[in-house]
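# Structural description and commentary
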Amino acid sequence: MRGLYIHIPFCVRKCAYCDFYSLPLNPPPVDAYLEAVLREADGYAGMTFQTLYLGGGTPSLLGGKGLRKLIERLRRIFDLSALVEATIEVNPESATDELRSAARDSGITRISIGVQSLADGELAAVGRVHNSAQALDAVRRAGNSGIFGLSADLIIGLPGQDWLSLRNSLETLTGLGVNHLSLYCLSLEEGTPLAANPPVDLPPDDRQAELFEQARLFLEQRGFRHYEISNFAVKGHECLHNLNYWRGGEYLGLGPASASHIGGRRFKNAANLYAYLVNPAGQVIEVEELNPVAKACEEAMLRLRLLAEGLDMKELSLHFGATNTAELAGRLGEMAQSGLLVCDGATYRLPPSRVLVSNPIFGRVLSK
């Protein structure tokens, strides 16, 4: 499987916790940006993709007209005849009826809504533009749009958040037919306003972990499967585009700051919108070609994120060769013996108790 990712680097206002590449431009230069993306796409003309993901930033700021133009032109440049999933991220304040109609008509199959919380105080504390009423309206309208997949993002550990608040968000969203939820623990990223001036009522790390565990149990009792570290889905509603990342598949990223993995080669575009608008095809930086040992370690790390599937070492060794995976197999065995991983035959998985403290484990997997 191969995925196509397009970064839309516009937002109404930067949230206090956000360290993704996006710019608060009003109005955003949508037409000029789309032309730049399509010029970059021309350099890869004829490629085949099975998934499409419009991420950001705020892709809903494209508007209905911009979205129709983008998808229509992409279908001329690429072979999208085998597309099985197409996702657009939207924020509640820009999720208009015009955009939803354009999404449905253009073949979008999933809408991912940046809800983050249904408590107005929590939203305001981190600089979100929308309020809970707008979020609920966006979810209801998306649910009535005829689009199959309905996903929502929530943040755990917002200022002043407790289980009553988080439970209300979860209960309300699942009651409205949301069939996929991404739960992200708030982190203080260097250079963000939240890190520079942390609120006094931020839940500490151990409380974040408790809230995450309570949310996990709540969702599993309602038929959601915890299929990836931060992601829960009703069966059949997992995000195929992201599963392709975690299974080590190929993907092409278009737009500033977007990353690609094609033909064993990894590369990334510079995070510079203005340079991109002038020369979209000339922004590639950080080119890396992984040797088989490094690639096997990376794929092992990614597959361990898939909590249900786990990492099948027999399959990995067949793909990369026993010599290239021998040291990795030894490290995995040691981690299983010490309880950092669980092992069922040749399949390794993260135990539930290690999900939120998985980075040191991944570090050991990647140590070549």
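Structural data are supplied above this passage.
Residues numbered from 1 in each chain as written. Predicted model: local features only at pLDDT ≥ 70, side-chain atom pairs only at ≥ 80, totals over all residues. Heavy atoms only, no water.

Attention now moves to the nonpolar core. Ile 6, Leu 74, Phe 78, Leu 170 and Leu 332 are the most contacted members of the largest nonpolar core, which has 95 residues in total. Looking at this core element by element, the count peaks at 7 residues for helix α1 (residues 30-42). With sequence-adjacent residues up to four places away left out, Phe 78 is seen in contact with Leu 4, Ala 41, Tyr 44, Ala 45, Gly 46, Met 47, Phe 49, Leu 252 and Leu 254. Cys 18, Leu 186, Leu 194 and Leu 202 belong to the second largest nonpolar core, which has 10 residues in total. (Core = buried A, V, L, I, M, F, W, Y, C linked by side-chain atoms within 4.5 Å. Buried < 20%, exposed > 50% of the residue type's maximum accessible area, 1.4 Å probe, protein only. Helix = DSSP H or I, 4+ residues; strand = E, 2+ residues; numbered from the N terminus. Contact = heavy atoms within 4.5 Å.)

Once that is clear, we can look at unusual backbone geometry. Look at the link from Asn 26 to Pro 27: it is a cis peptide, with omega at 0°. By the secondary structure assignment, Pro 27 is in the loop between β3 (23-24) and α1. Residue Gly 57 is bonded to the preceding Gly 56 through a cis peptide linkage, with omega at 15°. Within the chain, Gln 116 stands out as a residue other than glycine whose phi angle is a positive 70°. Tracing the chain through its elements places Gln 116 in strand β6 (residues 110-116). Judged by its relative accessible area of 9%, Gln 116 is buried. Phi at Ala 257 takes a positive value of approximately 70°, unusual for a residue other than glycine. Secondary-structure assignment places Ala 257 in the loop between β11 (250-254) and β12 (259-262). On the accessibility criterion, Ala 257 (23% relative accessible area) is partly exposed.

Turning to the pattern of salt bridges, a few remarks are in order. For the coordinates displayed, the defined rule picks out 22 salt bridges. Residue Asp 105 is joined to Arg 104 by a salt bridge in which the shortest nitrogen-to-oxygen separation is 3.6 Å. One salt bridge in this structure joins Arg 247 and Glu 309, with 2.3 Å as the shortest N-O distance. Taken together, the residues Arg 247 in the loop between α9 (240-246) and β11 and Glu 309 in the loop between α11 (292-304) and β15 (311-312) connect sequence positions 62 residues apart. Residue classification places Arg 247 among the partly exposed residues on the basis of a relative accessible area of 34%. Residue class for Glu 309 comes out partly exposed when judged on its relative accessible area of 33%. Salt bridges sharing partners connect three or more residues here, namely Arg 266, Glu 288, Lys 295, Glu 298, Glu 299, Arg 303 and Glu 315. (Salt bridge = Lys/Arg side-chain N within 4 Å of Asp/Glu carboxyl O.)

Right, let's get into the pairing of strand β9 (residues 224-228). Of all 5 residues in β9, 4 are buried; the element is thus mostly enclosed. Inspection of the sheet shows β9 paired to strand β10 (residues 231-234) by 4 bridges, in the antiparallel sense. What sits directly across from Arg 225, in β10, is Ala 233. Where β9 folds back onto β10 in an antiparallel hairpin, the turn is made up of 2 residues. (Pairing = 2+ DSSP bridges.)

What follows concerns the environment of Gly 64. Here Gly 64 lies in helix α2 (residues 63-77). With a relative accessible area of 2%, Gly 64 lands in the buried category. Expressed as a C-alpha distance, the spacing of Gly 64 and Ala 103, which sit 39 residues apart in the sequence, is 7.5 Å. Not counting residues within four places of it along the chain, the set of residues in contact with Gly 64 comprises Glu 98, Leu 99 and Ala 102.

The buried count for strand β5 (residues 85-90) comes to 5 of 6 residues, which makes it a mostly enclosed element. Sheet topology places strand β4 (residues 51-56) next to β5; 4 bridges connect them, and they run parallel. Bridging from a neighbouring strand, Tyr 53 pairs with Thr 87 of β5. Handedness of the crossover joining β4 and β5 through α2: right-handed. Both β5 and β6 contribute to a ladder of 4 bridges, which runs parallel. Opposite Thr 87, over in β6, you have Arg 110 as the bridge partner. On the question of chirality, the crossover connecting β5 to the parallel β6 by way of helix α3 (residues 97-105) is right-handed. (Right-handed = clockwise from strand over helix to strand, strands pointing away.)

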